[in-house]
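Residues per chain, in single letters:
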Amino acid sequence: MTTSTNRYCCIKDCKIRPTTTCLGCSEVLYCGPHHKQHRDDLHAELLQVADNCNQFLEEIKVLIHNPQKHALMKNIDEWETQSIAKIRQMAKESREEVLPYVKNFIPRVETKLASLNAEVRQNLDDCDFMDTDIENSTKELQRLKAILNDPPDFTVQQDPTEFINKIYLKVEGQLRDEEKN
């Protein structure tokens, strides 16, 4: 503390000559009562900082026991949610685009199957069939099943370009004691 007698206390409307300066505020002059109030205010601020430190320590303890709650994990969760939403939207649009083709294609396969079935039934009724007829009918049935599941007229392909942004972890440095100063 230093003594000064040439100015007034820095508190508005205080006409008492200052007796001290605050060591942290070297240009600010205080009279005795206001210096005590200033120190009390600083003490309250420092207590708040200590409370904030304690609260932060508690948050760190929670993270130590459950690192999945770290903010970086939330970023990854958000990325995942957004990516899944994009995939669902693209799948929906693709289904809507394919649906008319499938609706048109299935009846064509059904027509061919009905024809095959009629031929097989006719052979059964006439008792006019041989081993090769059974083999040919079986092959045609398998071909129709394969065509139904994998139509030759159209295919669904994947575009090799990315529509979902990848995320990467970039580690530049670690918290060092020098960074705290």
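Residues numbered from 1 in each chain as written. Predicted model: local features only at pLDDT ≥ 70, side-chain atom pairs only at ≥ 80, totals over all residues. Heavy atoms only, no water.

S.K.: In this structure, what is going on with a nonpolar patch on the surface? I would like to understand it.
M.R.: Together, Phe-56, Leu-57, Ile-60 and Ile-64 give the surface a local cluster of nonpolar side chains, amounting to about 390 Å² of exposed area. Position of Ile-64 relative to the elements: it lies in helix H1 (residues 32-65). For Ile-64, a relative accessible area of 60% corresponds to the exposed category. (Patch = residues over 30% accessible without salt bridge, like charges linked within 9 Å, V, L, I, M, F, W, Y side chains within 5 Å. Areas by Shrake-Rupley, 256 points an atom, 1.4 Å probe, with all protein chains shown as cover. Salt bridge = Lys/Arg side-chain N within 4 Å of Asp/Glu carboxyl O. Helix = DSSP H or I, 4+ residues; strand = E, 2+ residues; numbered from the N terminus. Buried < 20%, exposed > 50% of the residue type's maximum accessible area, 1.4 Å probe, protein only.)

S.K.: Is there a simple way to explain the environment of Ala-146 in this structure?
M.R.: Turning to its location among the elements, Ala-146 is positioned in helix H3 (residues 131-149). Here the alpha-carbon distance between Ala-146 and Asn-136, two residues ten residues apart in the chain, equals 15 Å.

S.K.: Is there a simple way to think about helix H2 (residues 71-126) in this case?
M.R.: Residues that lie three or four places apart on an α-helix share one face, since the helix turns once every 3.6 residues. Along its 56 residues, H2 runs 77 Å from first to last C-alpha, staying within 8% of the 82 Å computed at 1.5 Å per residue. Along H2, the helix axis deviates most sharply at Val-98, where the bend reaches about 35°; the proline Pro-100 sits within four residues downstream. Ser-83, Phe-105, Val-109, Leu-116 and Asn-123 are the residues of H2 that are buried. If you follow the buried residues of H2, they end up packed against H3. A positive backbone phi angle near 50° is found at Cys-127, which sits one or two residues after H2. (Expected span 1.5 Å × (residues − 1). Bend = angle between axes of the 7 residues up to and from the residue. Contact = heavy atoms within 4.5 Å.)

S.K.: I'm lost on the pattern of salt bridges in this one. Help?
M.R.: If the charged atoms of two oppositely charged side chains come close together, the side chains can form a pair. As enumerated under the stated definition, the model contains four salt bridges in all. For Glu-135, the salt bridge identified is with Lys-139, shortest N-O distance 3.3 Å. Of the two residues, Glu-135 and Lys-139 both sit in helix H3, four residues apart, roughly one turn of that helix. Put simply, Arg-143 and Glu-140 hold a salt bridge, and the shortest N to O gap is 2.9 Å. Of this pair, Arg-143 and Glu-140 both sit in helix H3, three residues apart, roughly one helical turn.

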